[in-house]
Amino acid sequence: MKDRDFLWCLAQDLLDWEEQADRLCPQCKTLASEPRCPACGRPQSDWGEHDANPAFDFARFQQLKGDAPLD
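The text that follows walks through the structure, step by step, so that each part is easy to find.

### Details of the overall build of the protein chain
Alright, step 1. Within the protein chain, the regular secondary structure consists of three helices and zero strands.
Alright, step 2. Starting at the N terminus and walking to the C terminus, you meet the elements of the protein chain as α-α-α.
Alright, step 3. For 71 residues, the compact-globule estimate of 2.2 N^0.38 gives 11 Å, and the protein chain exceeds it by more than 25% at 22 Å.
Alright, step 4. Overall, the protein chain is about 65 × 35 × 20 Å in size when its C-alpha atoms are taken along their principal axes.
Alright, step 5. Burial status across the protein chain gives 6% buried among its 71 residues.
Alright, step 6. Carbon together with sulfur atoms contributes 57% to the accessible area of the protein chain, which is approximately 6700 Å² in total.
Alright, step 7. Here the protein chain holds 8 positive side-chain charges and 14 negative ones, and the gap between their average locations is 3 Å.

Quick look at the structure:
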């Protein structure tokens, strides 16, 4: 395949997705466009990657960063 063939396939795939999305109600369209795990389908917002780290010492971080005086 040539580069233009790959581009054509990508464009057609995007158009197909838009066509499928147009058939959904607004709530389902929002759910369908949310990033999900390709294996289990769990939404990215449930992955817990942005949770607070209980072991993080913010005072020590400030000291090392230079914003707070060292002990």
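### Observations regarding the packing of aromatic side chains
Alright, step 1. Inspection of the entire model under this criterion finds three aromatic pairs.
Alright, step 2. For the pair Phe-56 and Phe-58, a centre-to-centre distance of 6.3 Å together with 55° between the ring planes defines the contact as tilted.
Alright, step 3. Classification of Phe-56 by relative accessible area gives partly exposed; the value is 46%.
Alright, step 4. Here the aromatic cluster, defined as three or more aromatic residues joined through ring pairs, consists of Phe-56, Phe-58 and Phe-61.

Criteria and cut-off values
- Residues numbered from 1 in each chain as written.
- Predicted model: local features only at pLDDT ≥ 70, side-chain atom pairs only at ≥ 80, totals over all residues.
- Heavy atoms only, no water.
- Helix = DSSP H or I, 4+ residues; strand = E, 2+ residues; numbered from the N terminus.
- Rg over C-alpha atoms; globule rule 2.2 N^0.38 Å.
- Buried < 20%, exposed > 50% of the residue type's maximum accessible area, 1.4 Å probe, protein only.
- Areas by Shrake-Rupley, 256 points an atom, 1.4 Å probe, with all protein chains shown as cover.
- Lys, Arg positive; Asp, Glu negative; His and termini not counted.
- Charge placed at Lys NZ, Arg CZ, Asp CG, Glu CD.
- Phe/Tyr/Trp six-rings, centres within 6.5 Å; stacked < 30°, edge-to-face > 60°.

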